[in-house]
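Residue strings, one per chain:
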Amino acid sequence: MAETNFEDKVIFIRRTAKTYKGGRRFRFGAMVVIGDRNGRVGVGLGKAKEVPLAVQKGQYIARRNLIEVPIEEPGTVPHEVLGEHGSSRVMLKPAGAGTGVIAGSVPRAIVELAGYQNLLTKELGSRNQTNVAYAVMNGLEQLRTFREAKMEREAAR
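Reading the values: the criteria
Residues numbered from 1 in each chain as written. Predicted model: local features only at pLDDT ≥ 70, side-chain atom pairs only at ≥ 80, totals over all residues. Heavy atoms only, no water. Phe/Tyr/Trp six-rings, centres within 6.5 Å; stacked < 30°, edge-to-face > 60°. Lys NZ or Arg CZ within 6 Å of the ring centre and 35° of its normal. Pairing = 2+ DSSP bridges. Helix = DSSP H or I, 4+ residues; strand = E, 2+ residues; numbered from the N terminus. Contact = heavy atoms within 4.5 Å. Axes fitted to C-alpha atoms, helices over the stretch in contact; angles between N-to-C directions. Salt bridge = Lys/Arg side-chain N within 4 Å of Asp/Glu carboxyl O. Buried < 20%, exposed > 50% of the residue type's maximum accessible area, 1.4 Å probe, protein only.

Draft legend 1. How the structure looks around the packing of aromatic side chains. Under the definition given, this model contains 0 aromatic pairs. Sitting above the plane of the F26 ring, R15 keeps its charged end 4.2 Å from the centroid.

Here you go:
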């Protein structure tokens, strides 16, 4: 498989602290999304004692979790879908040409790196960034083209 050029984007960096006898020790978590803007996208959460290492781990984990998504003609999703993770739900809805990506910061980063240009999204339930990111990925995994859905129905008979 030929290596394509992936872009990456850091969605957020979270700092956590644990108190020891000598003081606080900080650790960092970085949520990273990678994609080729051509139907392949992945999300990863890396944790480390320093920010650059956390981002690097996030990129590595995102690369391992890559999925392929279908892109319909005006650069949109083939059908409406509801992705869920924890108590977060994200609705992804097809949009006409010229609409653009109408989404919150987390879903926007993911769907743009996946390659969608026209899309409507709505975050429902919890707005926790980690869960929203995983809910978007869950929604993207559920997408099927008309041809794939038809083949699945015929196979089920």
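Continuing now.
Draft legend 2. Layout of the sheet that holds strand 1 (residues 7–20). Ordered by their spatial adjacency, 4 strands build an open sheet running 1-2-3-4, and the pairing between neighbours is antiparallel. Each of the sheet's edge strands pairs with one partner strand only, and the pair in question is strand 1 and strand 4 (67–68). Note: strand 1 against strand 2 (residues 23–35), 13 bridges, orientation antiparallel. Bridging from a neighbouring strand, K18 pairs with R25 of strand 2. In the packing of helix 1 (residues 51–64) onto the sheet, the strands contacted are strand 1, strand 2 and strand 3 (40–48), and the crossing angle to strand 3 comes to about 145 degrees. Of the strands in this sheet, strand 1, strand 2, strand 3 and strand 4 touch helix 3 (residues 129–142), which is tilted by about 155 degrees from strand 3.

Draft legend 3. Main features of the pattern of salt bridges. The final tally for this structure, using the stated rule, is 5 salt bridges. Between R37 and E7 there is a salt bridge whose closest N-O contact spans 2.7 Å. Residue R37 is located in the loop between strand 2 and strand 3, and its partner E7 is located in strand 1; the two are separated by 30 residues in the primary sequence. Using a relative accessible area of 40% as the deciding quantity, one classes R37 as partly exposed. For the salt bridge of R108 with E112, the shortest nitrogen-to-oxygen distance reads 3.4 Å. Separated by 4 residues within a single helix, R108 and E112 lie in helix 2 (residues 105–114), roughly one turn from each other. Exposure remark for R108: the relative accessible area of 29% places this residue in the partly exposed category.

That's the geometry; what it means functionally is another story.
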